[in-house]
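Structural description and commentary
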Amino acid sequence: MVSNWTKIPPPLFKKVVIVLIDALRDDFVFGSKGKQFMPYTTQVVERGTSYSFIAEAKPPTVTMPRIKALMTGSIPGFIDVIVNLNSPALLDDNLIRQAKTAGKRIIFYGDDTWVKLFPKHFVEYDGTTSFFVSDFTEVDDNVTRHLDRVLKREDWDLLILHYLGLDHIGHMTGPNSPLVGPKLREMDNVLKKIHISLLSKEEASLPNLLVVCGDHGMSETGSHGGSSEGEVHTPLLFISSAFEKRSGPLTQPKLVQQTDLASTLAVGLGLPISRNSVGNLILPVVGGKTMREQLRFVHLNGFQLSRLLQENTPAYEKDPGYEHFKIAEKSHGNWIKLYLEGNNSEILLNLGKKVLKQYLEALKILSSSLSKQVAQYDMYSMMVGTVIIMEVLLLLLLSFPKALSSRAEFEVPLSPPLFSLLFYLMCLMLCAVHVIVCTSAESLCYFCSMSWLTAVGVMMLISALMCGILSAIAKIFENSRLPLKNPVVSSSRWSEINVLILAGTIGHVLSLGASSFIEEEHQTWYFLINTLCLALCQELCRNNFLLKEYDPQHGTTVKQNFDSIGEASECKNIDIPAGGNSKLGKASSSAEFIQRSDKWISLASPWIILICCRLLRSLNQTGVQWAHRPDFGHWLTSSEHKSELSFLAAVSLLMIFFLVQRRCSLVSKIAMALGLLGVYSYRAAIGNVVFPWQHDTKDISKGITEARFVYVFILGIVFTGTKDLLKSQVISADSSVKSTGLWEVYSGLVLLAALLFRPHNLPVLVFCLLIQTMMTKYIWRPLKFDAAQITIMHYWFGQAFFYFQGNSNGIATVDVSAGFVGLESYVEIPAIFLTAFATYAGPLLWAIHLLCYLSSEVNRDSAAVGHGCFCYALMRSIPVAIYIVLVTGLRYHLFIWSVFSPKLLYEGVHVFITAAICLFFTAMDQNHSHKVQD
């Protein structure tokens, strides 16, 4: 009899239809929108034969991991955010595989992620791409067009429909868009059609089941991926004639886990519960069955969870959930004995309810325990990666003095170590460790699965870096013992700016160990740039009022500082137009007035920048704690304020042209003007803004023609700049040609950012250009900062502008719609490039501006670009390396998946972008080019 306890019971439903509506929030069904736009579904929920729940999804709330959770009952890893772009076949045990093995005929229509996850599992399917977010209608029509035909047929057991239109509307226009209502009404009609068809074809033997769910919700900005309530709470409806008709007052739907669906559907279809499922059976779905059947169902679920616990926990017998399950199992055995004796009294029923309660308590504890232990970390691979990263960081720090010398040398002493005994001994030792770990590892290890040639290459890299570090340390000690050939008295001291830079860098790195500081990291950067502006104001006041005509400590005069602005402007044709010879006398007579006006503008510059930063903070609320609060961006994007948004966008585009064109050639100026006009036309075509002569916005298109029109001018401007750069690098080392070429490349990137930014974010671009212009002319040149200080200031402002755009350390703030501007269909490489550029536009534009500034300074040391490149790489490497160590140590933290992992993903992408920036710096470094030629 005991062996029959684990035998799979017969199915409870004949046909099951799963309708998954992508990004369906719980309030879209249970809230005011549901009552207004989904009347049939609301009626079924309130008065029909149904059970309603709110299913809680675990981060990351993106489609592929959520499908895995729904079908396997397990909790996917955060790496699935990356894999989501090109899903591989799902190898874990899952509901679809079990259904196919049992001979169930499965039909699927919708998101092609299912086809990639479950290849050769469907007898019929029609997949649609989930990444082309500009498509609201065709992507759903391609699913619905099959319904009439397939509902009339009897040759299927499981029908899965995945609708994407609502998710795409959310990405493009947000959850409060006027497009959401009609889409919900369309979904309501689909559900009505399916429900009526299932009821009309039911037989007396087994009823049918309709399941309505969402894979994830959406945030207040329409995106998803994070852990806000709107993203993790989705509706879960079970509709079947097998259930009792609802009556009485409507109650708040109960909260269940998204992983519970796999176990519940497995029991409903008469299938084994997936091997790695951590979900609990949703009892009301089987509540209409006899007590014996209900106990059998929950015992099956408990048996599967306890077996999973045994596989993952050595001391499983001491686990509270396992102990509760064994107690419930013993009580179940006693109940069975009473039942077989023919005792059908009220006592038996009450005892059965008690046993059921014991089982449910055991299931809850087991599921909770397994959910905490489900993350299996590949520690060996993690340690290898961490060692390499820390070695690179240490090598950068040891090279700091030489890299910032007048020759800007960054030489890694790898050649001698390659032939040293220490190098070979380290290689042999690491290879031996690798063999021992890989042969004794019980679980799958990524590094061990790599080819031996690759593994040996990694070991050689680690050994070479270590030998390089030891060589660098030895040289430092050796040089410290040698007497200086030209001893000089060091006149350098730590200024307030240097102290602030050091304290800010250390403080930011230390803050990465706290989840709250990561969630609200934008506050750290806002504080740092505000403090920097105050420190710059102090430096300007000292420079203008406290210094004598000549201060030996600063080695310059106030007059010389401001004269240098005019000199630099004449040499580079920037900022201040040079006067002709005929106007020399007039310029000389007004020189004092110009210097006085420059002086007062310079003093006002930090305060103007502070005002700009405060306005930008009001534009986009970001982070977690206050992200839900209304901001100026939400006000602008509401449909009632389209005229105000249109005016702001037009003024912003004019300001962008005014700020960028001053150093461009005539052809580039014309291209920039036409490109910015095309940007406004694109936004008008897709309905974000309106032209003054437009009276309605009914003729909304995808704006493909307008966007491609802008792309032509972007490529033209970048091509013109690249041609000048190649000319300066190959034909003649003309710094003015190089400076013009760099600025035109920068201008092309600004135009691309203007195209990809949403209209309400265009002021971010304007203030970015304005602050760069003011700091260049009125702060950096008068104060004569060195390249390292200017690089760190650029880096800080780049980080702040990353958050001014509305970004955060959560996946939900990534604007996916930017990746499809001008595309007719999903093309992977352009979509990834455009999305990454739109997300990191702030840091990118500040980095390229840094290169433009350092290259345009005539009086600056020729090694300035090399210094800038090194400092930028170091500033990015320090927080990344420390954060990787912190995340490894905090891998069992409560918020590891919701807070620390998304931040690690952002840092990883930022490192790749920084590597590309440093390569560009190196290519543009004239000093480096001469060294190579020599």
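Residue numbers here run from 1 along each chain, matching the order of that chain's written sequence. Thresholds applied to this predicted model are a pLDDT of at least 70 for local features of residues and 80 or more for the giving and counting of side-chain atom pairs; totals over whole chains, interfaces and linings are not thresholded and use all residues. Only heavy atoms go into the side-chain values, all of them from the structure, while hydrogens and water stay out.

With respect to a nonpolar patch on the surface
Taken together, Trp494, Val499, Leu502, Ile506 and Leu510 make up a surface patch of nonpolar side chains, about 550 Å² in accessible area. With respect to the helices and strands, Ile506 occurs in helix α23 (residues 496-511). Think of a patch as exposed residues, more than 30% relative accessible area, with no salt bridge, where like charges cluster within 9 Å and nonpolar side chains (Val, Leu, Ile, Met, Phe, Trp, Tyr) cluster within 5 Å. Shrake-Rupley sampling with a 1.4 Å probe provides the accessible areas, and residues are treated as covered by the protein chains on show and by no other component. Basic side-chain nitrogens of Lys or Arg form a salt bridge, by our definition, when they fall within 4 Å of a carboxyl oxygen of Asp or Glu. A helix here means a DSSP run of H or I that spans at least four residues, while a strand means a run of E at least two residues long, and both kinds are numbered starting from the N terminus.

So, the environment of Pro606
Locating Pro606 in the fold gives a position in helix α28 (residues 591-619). For the pair Pro606 and Leu534, spaced 72 residues apart in sequence, the C-alpha to C-alpha distance is 6.9 Å.

What about the confidence of the model for the protein?
pLDDT is a per-residue confidence score from the predictor, ranging from 0 to 100. Mean pLDDT over the protein stands at 84; residues scoring 70 or higher make up 86%. Within the protein, the element-level pLDDT minimum falls on helix α27 (residues 584-589), averaging 44, and the maximum on strand β1 (residues 16-21), averaging 96. For this analysis, residues touch if any pair of their heavy atoms sits within 4.5 Å. Contacts for the low-pLDDT stretch residues 486-492, under 50 throughout, to residues beyond four places or in other chains number zero contacts. Predicted confidence is poor over residues 548-560, with pLDDT under 50, and the contacts of this stretch with residues over four places away or in other chains come to twelve contacts.

Observations concerning the nonpolar core
The definition of a nonpolar core used throughout is a set of buried Ala, Val, Leu, Ile, Met, Phe, Trp, Tyr and Cys residues joined through side-chain atoms within 4.5 Å. The classification of residues rests on relative accessible area computed with a 1.4 Å probe and restricted to protein chains. Under 20% of the type maximum is buried, over 50% is exposed, and intermediate values are partly exposed. Within the largest apolar cluster, 113 residues are counted, with the highest numbers of intra-cluster contacts made by Ile656, Trp796 and Phe797. In this structure, Leu20, Leu117, Phe122 and Leu309 belong to the second largest nonpolar core, which totals 65 residues.

Focus: the state of the cysteines
Here, a disulfide means two cysteine sulfur atoms that sit within 2.5 Å of each other. What the rule picks out here adds up to one disulfide. Each sulfur of the disulfide joining Cys438 and Cys448 lies 2.1 Å from the other. Between Cys438 and Cys448, the S-S dihedral sits near -85°, and the bridge is therefore left-handed. Of this pair, Cys438 sits in helix α20 (residues 421-440) while Cys448 sits in helix α21 (residues 446-449), placing them ten residues apart in sequence. On the accessibility criterion, Cys438 (22% relative accessible area) is partly exposed. By relative accessible area, Cys448 is classed as partly exposed at 23%.

Description of the pattern of salt bridges
Applying the stated criterion across every chain, the model contains 20 salt bridges. Here Lys15 ties to Glu154 by a salt bridge, and the two come within 3.8 Å at their closest N and O atoms. Separated by 139 residues along the polypeptide, Lys15 in the segment before β1 and Glu154 in the loop between α9 (147-152) and β5 (158-163) bring together distant segments of the chain. Under the relative-accessibility criterion, Lys15 is labelled buried at 6%. Between Arg105 and Asp157 there is a salt bridge whose closest N-O contact spans 3.3 Å. Taken together, the residues Arg105 in the loop between α6 (95-101) and β3 (106-111) and Asp157 in the loop between α9 and β5 connect sequence positions 52 residues apart.

What about the packing of helix α35 (residues 787-804) against helix α38 (residues 864-889)?
Note on geometry: axes are lines fitted to C-alpha atoms, helical ones only across the stretch in contact, with angles between N-to-C directions running from 0 to 180 degrees. Running from amino to carboxyl end, α35 crosses α38 at an angle of 45°, the nearest separation of the two axes being 8 Å. Looking at the two axes, α35 sits oblique to α38. The way α35 lies across α38 gives a crossing that is right-handed. Here α35 contributes Ala787, Ala788, Thr791, Ile792, Tyr795, Trp796 and Gln799 to the contact with α38, which in turn contributes Ala864, His867, Gly868, Cys871, Tyr872, Met875, Arg876 and Pro879. Looking at side-chain class alone, the contact of α35 with α38 contains ten nonpolar, four polar and one charged residues. Roughly parallel refers to an angle under 35 degrees, roughly antiparallel to one over 145, roughly perpendicular to one between 65 and 115, and oblique to any angle outside these ranges. Definitions for this section: a left-handed crossing has its near helix turned counterclockwise from the far helix by less than a right angle. A right-handed crossing has that turn clockwise. Gly is put with the polar residues, along with every residue not named as nonpolar or charged; the nonpolar set is Ala, Val, Leu, Ile, Met, Phe, Trp, Tyr, Cys and Pro, and the charged set is Asp, Glu, Lys and Arg.

Concerning the sheet that holds strand β6 (residues 209-213)
Strands are treated as partners if at least two bridges between them are detected by DSSP. Spatially, eight strands are ordered β4-β3-β5-β1-β6-β7-β2-β8 in an open sheet, and the strand pairing comes out mixed. A strand with exactly one partner marks an edge of an open sheet, and here the two such strands are β4 (124-128) and β8 (254-257). Each strand axis lies, on average, 20° off the axis of its neighbour in the sheet, ignoring direction. Bridging between strand β2 (residues 50-56) and β8 involves four bridges; their strand directions are parallel. Opposite Phe53, over in β8, you have Lys254 as the bridge partner. The strands touched by helix α11 (residues 180-200) are β1, β5, β6 and β7 (233-239); relative to β6, the strand with the most contacts, the crossing angle is about 165°.

Quick notes on the environment of Glu323
Within the secondary structure layout, Glu323 lies in helix α15 (residues 320-340). Residue contacts for Glu323: discarding those within four places in its chain leaves Glu317 and Lys318.

With respect to the packing of helix α37 (residues 841-856) against helix α39 (residues 896-924)
Packing of α37 against α39 leaves a shortest axis separation of 11 Å and a crossing angle of 15°. Judged on the interaxial angle alone, α39 and α37 are roughly parallel. Considering only the axes of α37 and α39, their crossing is right-handed. Counted together, Pro843, Leu844, Ala847, Ile848, Leu850 and Leu851 of α37 and His910, Ile913, Ile917, Phe920, Phe921 and Met924 of α39 form the full contact between these two elements.

A closer look at helix α22 (residues 452-481)
The terminal C-alpha atoms of α22 lie 44 Å apart, and with 30 residues this matches the ideal 44 Å at 1.5 Å per residue to within 8%. Along α22, the residues that are buried comprise Ala455, Val458, Met459, Ile462, Ser463, Ala464, Leu465, Cys467, Gly468, Ile469 and Ala472. Multiplying 1.5 Å by the residue count of a helix minus one yields the expected span of that helix.

Some thoughts on the pairing of β1
With six of its six residues buried, β1 lies for the most part within the structure. Burial along β1 is two-sided: the residues Val16, Ile18 and Leu20 and Val17, Val19 and Ile21 are all buried. As paired strands, β1 and β5 are joined by six bridges and run parallel to one another. Paired with Leu20 across the strands is His162, a residue of β5. Strand direction decides the pairing type here: β1 and β6, joined by five bridges, are parallel. For Val19, the partnering residue across the bridge sits in β6 and is Val212.

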